[in-house]
Amino acid sequence: MMAFMMSAGVSAYTPWKKGAFETKKYRNLLVEMGYGKKEVDQKLKEVFNDVFYGPNKVYFEVGDSMGYISDIKNHDARTEGMSYGLMIAVQFDKKDIFDRLWRWSKKYMQHQSGRREGYFAWSCRTDGTRNSDGAASDGELYFITSLIFASNRWGDDTGINYKAEAKHILDCIQPREYEEVQRGGFWGGFGGQAQGQQAQQNQQPQKAMQYLIDPETKLITFTPDGFGQRFTDPSYHIPAFYEVWAKWGDDGRADFWKECAVKSREFLHKCINEKTGLNGDQCQYDGSEMQAPRFPGMRQGQQGAPRRNGNNNFRYDSWRVPMNITLDYEWSCADREWQQQYGEKIQNFFYSQGVNDFMDQYRTDGSLPEEGEIIPAGGFRKLRHSIGLVSTVAAASMLCSHDKSKEFVDALWNAKHVPFEDGYFDAYYDGLLRLFAFMHLSGNYRIIFPK
C-alpha cells in the first residue's frame, strides 16, 4: 500500500511534456495533490466572487453597458487591471463582464487618433478622466490576446467585433516613425520634459518611434514611447501570447510574432539570477541590470538611481514572472527543461526563506533591500508576506517535481485574503494574482480555440 502511495505521489508531481496548443488538455494539480474536484470548483468560484462580487470587490458596473476594475488603494483604473479583467472574463465565459470592461476601456482609455492611436492611457480616474496619456505595454499585451480569445469564443457578430478591435491594436503597435513637430510632446509622462527641452536646445525636430515591441531585439518595451522604450520589464514577457497572435491575429505578421516568442524566452534566461531565480523589476534588453538612472536628467546617487530606488530588485512587478513562465509552459511547453529548472530554483529560494514567512521584496541575490529600496504601497513602506507573491510562487508548482511544491500550494489554499494587522489591504493586485493562480492550478487558464 505504501509503495502504491509513493508511486502515486511521484506521478502527481511529474510536469507534463506537451503544451495545450498541441494537446488541448489541462492539468488540475489541485486534484492531483488531494483536493476534491467539487472542493476545487467551489474554491475557484469563491475566489472569482471575491474579485467581482464580494464586499472587497474591485469590479464596478457603470450604467447599463460599462464597467471598470479599480486599483482601490490608488483610486484609479489601470490598463493592467482592465486587461486582466478581460482575460478573466473570457476564461470564465462571462460575456457581459467582458463587454462592459471593453466598452469602458475603449471609451476612456484608448486613443482613437493621433500619435498614440490604438494605444491605451495606462491610468484613469474612475470617472474616466485620464491621469496619464502614455501607455504601459503589458496592458496592450493582454488587451490583444483577450480580444482574440473573445472572437474565438463568442464570434464577432454579437455587438462587438472583437477580432477587428484586436487587429486595430496590432496594426497600431507595429513600428512606425514620426517627425515630432511639437518637440517633446510625444514623450508624455515618462521623461518627456527633459527630452523635449533637449530637442528645443538643438533646434532639431525630434525623430521618434512608437512601438510596443522593440524592432531590434524583438522584445516588449516598458512603455511604447519616450524613455520607457529603451528597456523592458521581465514581467511583461509572456511568449505564448505571441503564439496566439501568430495563430489567430490575422494581421499578416505570424512569422514576426513567432520570432518574438523565441526572443522572449531567450531573454528570460538572461534576466533571472542563476542562483535564486529572482529577477529585477526592470532591466536592459540584454537581460542585464539597469545601469542608467531611472529617469532622464538624474545623476547617480540621486533618488531614482538604480540601487537606491530598487528598480533592479525583485518586487511587485516581478511577482508575475513565475506565473507567466508557468503559463508559457502550460500552453506551449517550448522551453520545458529550462522552465522546470526555473520553477524548482525559485521555489527552493522561497523555501529557504520559509514557506509561510518569505518577504515580498528582495535583491536578486536573495538579500533583503534597505529601507530606501522598498517600494511603498497604499501609504505603507514595508516588507510583507503578501498573498500576491504566495499565489504566483504556488502557481509555479505546475513546473515542479519536488515535494516542496505541495507545501506552496497548501499555503495558498489556506491563506486568507484579509487586511494585515496595521490595516494594509490590497484587494486589487493581490486579489487578481490570487485568482489567476487558482485558475492555473485547477486547469482553468486555457487557450480558447475558435469554435
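The structure under discussion appears in the preceding block.
Residues numbered from 1 in each chain as written. Predicted model: local features only at pLDDT ≥ 70, side-chain atom pairs only at ≥ 80, totals over all residues. Heavy atoms only, no water.

Undergrad: Could you clarify how one ought to interpret the overall build of the chain in this entry?
TA: Secondary structure assignment for the chain yields 17 helices and seven strands. Here the chain, with 451 residues, has 59% of them falling under the buried criterion. Counting contacts in the chain only where the partners sit at least 6 residues apart, residues at least 24 apart contribute 69% of the total. Here the chain has roughly 18500 Å² of accessible surface; of this, 47% comes from carbon and sulfur atoms. (Helix = DSSP H or I, 4+ residues; strand = E, 2+ residues; numbered from the N terminus. Buried < 20%, exposed > 50% of the residue type's maximum accessible area, 1.4 Å probe, protein only. Contact = heavy atoms within 4.5 Å. Areas by Shrake-Rupley, 256 points an atom, 1.4 Å probe, with all protein chains shown as cover.)

Undergrad: Please clarify how the sheet that holds strand β5 (residues 130-132) should be interpreted in this entry.
TA: The pairing of strands in a sheet happens through backbone hydrogen bonds and is either parallel or antiparallel. If you trace the three strands from one edge of the open sheet to the other, you get β3-β4-β5, paired in antiparallel fashion. Here the strands that pair on one side only, and so sit at the sheet edges, are β3 (77-78) and β5. The pairing of β3 with strand β4 (residues 123-124) spans two bridges and is classified as antiparallel. Each residue of the ladder has a partner; that of R78, found in β4, is S123. (Pairing = 2+ DSSP bridges.)

Undergrad: Quick question: what am I supposed to make of the nonpolar core here?
TA: F98, W245, W257, W331 and F350 are the most contacted members of the largest nonpolar core, which has 130 residues in total. Apart from the residues lying within four places of it in its own chain, the contact partners of W331 are G19, A20, F21, Y26, F149, A240, F241, V244, Y445, R446 and I447. (Core = buried A, V, L, I, M, F, W, Y, C linked by side-chain atoms within 4.5 Å.)

Undergrad: Hey, could you run me through the packing of helix α14 (residues 336-353) against helix α16 (residues 404-414) in this one?
TA: Viewed as axis vectors pointing N to C, α14 and α16 meet at an angle of 65°, and their least axial separation amounts to 10 Å. Considered as vectors, α14 and α16 are oriented roughly perpendicular to each other. In terms of crossing hand, the pair formed by α14 and α16 is left-handed. Between α14, through Q347, N348, F350 and Y351, and α16, the contact on the second element is made entirely by K404, S405, E407 and F408. When its residues are assigned to classes, the contact of α14 with α16 shows three nonpolar, three polar and two charged. (Axes fitted to C-alpha atoms, helices over the stretch in contact; angles between N-to-C directions. Parallel < 35°, antiparallel > 145°, perpendicular 65-115°, else oblique. Left-handed = near helix turned anticlockwise from the far one by under 90°. Nonpolar A, V, L, I, M, F, W, Y, C, P; charged D, E, K, R; others polar.)

Undergrad: Even after reading the chapter, I still don't get the pairing of strand β2 (residues 66-69), so can you show me in this structure?
TA: Note on strand geometry: in a regular strand, side chains alternate between the two faces of the sheet. Burial along β2 is two-sided: the face carrying M66 and Y68 and the face carrying G67 and I69 are both buried. In the sheet, strand β1 (residues 59-62) pairs with β2 via four bridges, with the strands oriented antiparallel. Within β2, the residue paired with V62 across the bridge is M66.

Undergrad: I tried to follow the pattern of salt bridges on my own but got confused; where do I start?
TA: Across all of its chains, the model carries 29 salt bridges by this definition. For the salt bridge of E22 with K18, the shortest nitrogen-to-oxygen distance reads 3.6 Å. With a shortest N-O distance of 2.7 Å, D99 and K95 are connected by a salt bridge. Separated by four residues within a single helix, D99 and K95 lie in helix α6 (residues 95-109), roughly one turn from each other. A single salt-bridge network, built from bridges that share partners, covers D71, K73, D76, R78 and D426. (Salt bridge = Lys/Arg side-chain N within 4 Å of Asp/Glu carboxyl O.)

Undergrad: How should I be thinking about the environment of E216 in this particular structure?
TA: Looking at the element boundaries, E216 is found in the loop between β7 (206-210) and α10 (239-248). Sequence separation between E216 and Y285 is 69 residues; the distance between their C-alpha atoms is 9.8 Å.

Undergrad: Explain helix α7 (residues 137-154) to me, please; I cannot follow it from the model alone.
TA: For an α-helix, the turn length of 3.6 residues means that residues three or four places apart are oriented alike. Helix length check: α7 (18 residues) gives 26 Å between terminal C-alpha atoms against 26 Å at 1.5 Å per residue, within 8%. Positive phi shows up at G155, right after α7, with a value of about 80°. (Expected span 1.5 Å × (residues − 1).)

Undergrad: I keep staring at the state of the cysteines and nothing clicks. Help me out?
TA: Disulfides are covalent bonds that connect the sulfur atoms of two cysteines. All chains considered together, the criterion is met by zero disulfides. Here C283 is not cross-linked by a disulfide; its sulfur's nearest cysteine counterpart is in C271, at 4.9 Å. (Disulfide = S-S within 2.5 Å.)

Undergrad: When you look at the environment of R230 in this model, what are you seeing that I'm missing?
TA: Looking at the secondary structure, you find R230 in the loop between β7 and α10. Put simply, R230 and Q284 are 54 residues apart on the chain and 7.7 Å apart in space, counted from C-alpha to C-alpha.

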